[in-house]
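Secondary and tertiary structure notes
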Amino acid sequence: MIKGCILPWIHLHGDVKGNYHLCCHIPPSSNPIGNHTEPISTIFNNDAYKEVRKLFLSGKAPDVCKKACYDVEALGGESNRQQVNKRFGKFAKLQDYTNKEGSVSNNPIYLDIRFGNKCNFKCRICGPFASSAWFKDVKKVTKFNNHPFQLEDYYTESPDFWNYLNKIKDSVRHFYFAGGEPLLMDGHYKLLDWLIKNNKTDVELTYNTNLSTLTYKSYDIFNMWQEFDSVKLWPSVDGYKDHCRYGRTNFDWNTFEKNLIKVKKYVDTVSSTVSIYSILTTPELIIYFKNLNISTYLNTLDNPTFMDIRLLPKNIKIKITKKFNLLKRKMPLNEDEIINIDSNVKYLNNNIENKEFLLKQFKQFNSEVDQINKTSFTKTYPELAEWYETI
């Protein structure tokens, strides 16, 4: 039985700003547990990590984990904590070997290092901290007025990182690539090349990618992937066709379909973030992928809070709930898929605090982005037009 979360015993996450957090679901604005100015070899057993381990072992949780996971669970959603505990449950025994002061003797086996914020999409649920495509419009969006906007990459050319990787190469087993867009990042290809040259291909590579491109410079990603024991792609697609295009600026459904065919042997599941922008056509999205024998995993958006599906009006929540109930009756879903759907529907039908304030934030942000993109929320979502106009 895992106490709390297994990640502090196996995982190291460095974000696009060179800060280390317990996982990628911790808000980047929260206090980091380390940063790129410190030797990476000191992070996994620094004081912050040790305190987190002791908290979990005592039956408590760090405050930053409560919003990221525990609050989501309390509202019926499925959290990252629950996912990773299921995925990495075989490492639960490591908790028993934790030293009294919270340190551990093992090296991390799972690395999530972000090689920058280079991206070709301008998703509304994202921002300039994780996507360079937002840079040219930052000053036109109130939400981003205080955000720095520049390409950032603290690991690709860091001798400290590569020295550490060489030190832990015998123990590391899993690499997670996300963005920005990982298939456009030099560091990602440099890491694959390093792993191949160092005969370290007995690892699992997992990706969250927008699948907009499969070519980058002179690299042949398919030749590189075939060297590894396991490659898993979780393409990200939020909502069906026009709804995805609206929420993920520069997304093209035809390109997505074409590239999906090329990489299908690496895809068992797609990842869909459930927000106001995507929820209405998420059932159609699930059906589309189910017909391709691909599962759809629904991630419950909890940040930015003003895009949270709990903000939707009751009549729309009822319609969405009915669509999902019909989907479950008509489609041959497995137990995990049903649990995932049910947790998101339960989350949808909860109330949310500060609703009026958040709705004002949503409309302001959305109106500003619509003006930039020359798009229209009410034309894209006519069933929400009346509600939207009254905000």
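Below is a short write-up of the structure. Keep in mind that this is a model prediction, so the values were computed, not measured.

**Regarding the pattern of salt bridges**
- Applying the stated criterion to the full structure yields 24 salt bridges.
- K136 is paired through a salt bridge with D137; the nearest N and O atoms lie 3.2 Å apart.
- For D137, a relative accessible area of 2% corresponds to the buried category.
- Among the salt bridges present, the one from R248 reaches D238, with a minimum N-O distance of 3.3 Å. Of this pair, R248 sits in strand 9 (residues 248–249) while D238 sits in the loop between strand 8 (230–235) and helix 8 (242–247), and the two are 10 residues apart along the sequence. Neither residue differs from the other here; R248 and D238 are each classed as buried.

**A word on empty space enclosed by the protein**
- Evaluated as defined, the whole model comprises 3 cavities of 30 Å³ or more.
- Estimated volume of the largest cavity: approximately 120 Å³.
- The wall of the largest cavity is formed by C5, L7, P8, L22, C23, I26, F56, C65, C69, Y70, N80 and R81.
- Listed by contribution, the elements that provide at least two residues to the lining of the largest cavity are helix 1 (7–10), helix 3 (63–74) and helix 4 (80–87).
- A per-element tally of the lining of the largest cavity places helix 3 first, with 3 residues.
- In terms of residue class, the lining of the largest cavity is made up of 10 nonpolar, 1 polar and 1 charged.

**Some words on the nonpolar core**
- Among the nonpolar cores identified, the biggest contains 82 residues, and F175, L205, Y207 and W225 are the most heavily contacted of them.
- Excluding residues within four positions of it along the chain, L205 makes contact with F175, F177, L192, L195, W225, F228, S230, V231 and K232.
- Counting residues in each nonpolar core, the second largest holds 41 residues, with V138, L301, F362 and V369 among its members.

**Section: the layout of surface pockets**
- The volume enclosed by the second largest pocket comes to roughly 320 Å³.
- Lining the second largest pocket are 18 residues, and of these K67, T305, D308, R310 and I352 sit closest to its centre.
- Where the lining of the second largest pocket is concerned, the elements lending two or more residues are helix 3 and helix 13 (355–373).
- Ranked by residue count, the leading element in the lining of the second largest pocket is helix 3, at 4 residues.
- Here the lining of the second largest pocket is composed, by residue class, of 7 nonpolar, 5 polar and 6 charged.

**What to know about the packing of aromatic side chains**
- For the structure on display, the rule yields 38 aromatic pairs.
- Aromatic side chains F121 and F251 sit 6.3 Å apart centroid to centroid with 80 degrees between the ring planes, which places their arrangement in the edge-to-face category. Here F121 is found in the loop between strand 4 (110–113) and strand 5 (122–123), whereas its partner F251 is found in the loop between strand 9 and helix 9 (253–263), with 130 residues between them in sequence. In this pair, the class of F121 matches that of F251, namely buried.
- Ring centres of F362 and F377 lie 5.7 Å apart, and the angle between their planes is 80 degrees; on these two criteria the pair is classed as edge-to-face. Here F362 is found in helix 13, whereas its partner F377 is found in helix 14 (residues 377–380), with 15 residues between them in sequence. The same class applies to F362 as to F377, namely buried.
- Among the aromatic residues, those joined into a cluster by ring pairs are F121, Y240, F251, W253, F256, Y288 and F289.
- Between the NZ or CZ atom of R87 and the centre of the ring of Y110, over which it lies, the distance is 5.4 Å.
- One residue, K122, lies across the ring of W134, its end atom 5.4 Å from the ring centre.

**What about the packing of helix 9 against helix 10 (residues 282–290)?**
- Where helix 9 contacts helix 10, the two axes come as close as 14 Å, and the packing angle between them is 30 degrees. When the axes of helix 9 and helix 10 are compared, the pair comes out roughly parallel. Crossing angle aside, the handedness with which helix 9 passes helix 10 is right-handed. Between helix 9, through W253, F256, E257 and L260, and helix 10, the contact on the second element is made entirely by L285, Y288 and F289.
- In terms of residue class, the contact of helix 9 with helix 10 is built from 6 nonpolar, no polar and 1 charged.

Cut-off values and rules
- Residues numbered from 1 in each chain as written.
- Predicted model: local features only at pLDDT ≥ 70, side-chain atom pairs only at ≥ 80, totals over all residues.
- Heavy atoms only, no water.
- Salt bridge = Lys/Arg side-chain N within 4 Å of Asp/Glu carboxyl O.
- Buried < 20%, exposed > 50% of the residue type's maximum accessible area, 1.4 Å probe, protein only.
- Helix = DSSP H or I, 4+ residues; strand = E, 2+ residues; numbered from the N terminus.
- 1 Å grid on protein atoms, 1.4 Å probe; cavity = no way out; pocket = protein on both sides within 12 Å on 5 of 7 lines; lining within 4 Å.
- Points joined across faces, edges and corners; volume = space filled by probe spheres on them.
- Nonpolar A, V, L, I, M, F, W, Y, C, P; charged D, E, K, R; others polar.
- Core = buried A, V, L, I, M, F, W, Y, C linked by side-chain atoms within 4.5 Å.
- Contact = heavy atoms within 4.5 Å.
- Phe/Tyr/Trp six-rings, centres within 6.5 Å; stacked < 30°, edge-to-face > 60°.
- Lys NZ or Arg CZ within 6 Å of the ring centre and 35° of its normal.
- Axes fitted to C-alpha atoms, helices over the stretch in contact; angles between N-to-C directions.
- Parallel < 35°, antiparallel > 145°, perpendicular 65-115°, else oblique.
- Left-handed = near helix turned anticlockwise from the far one by under 90°.

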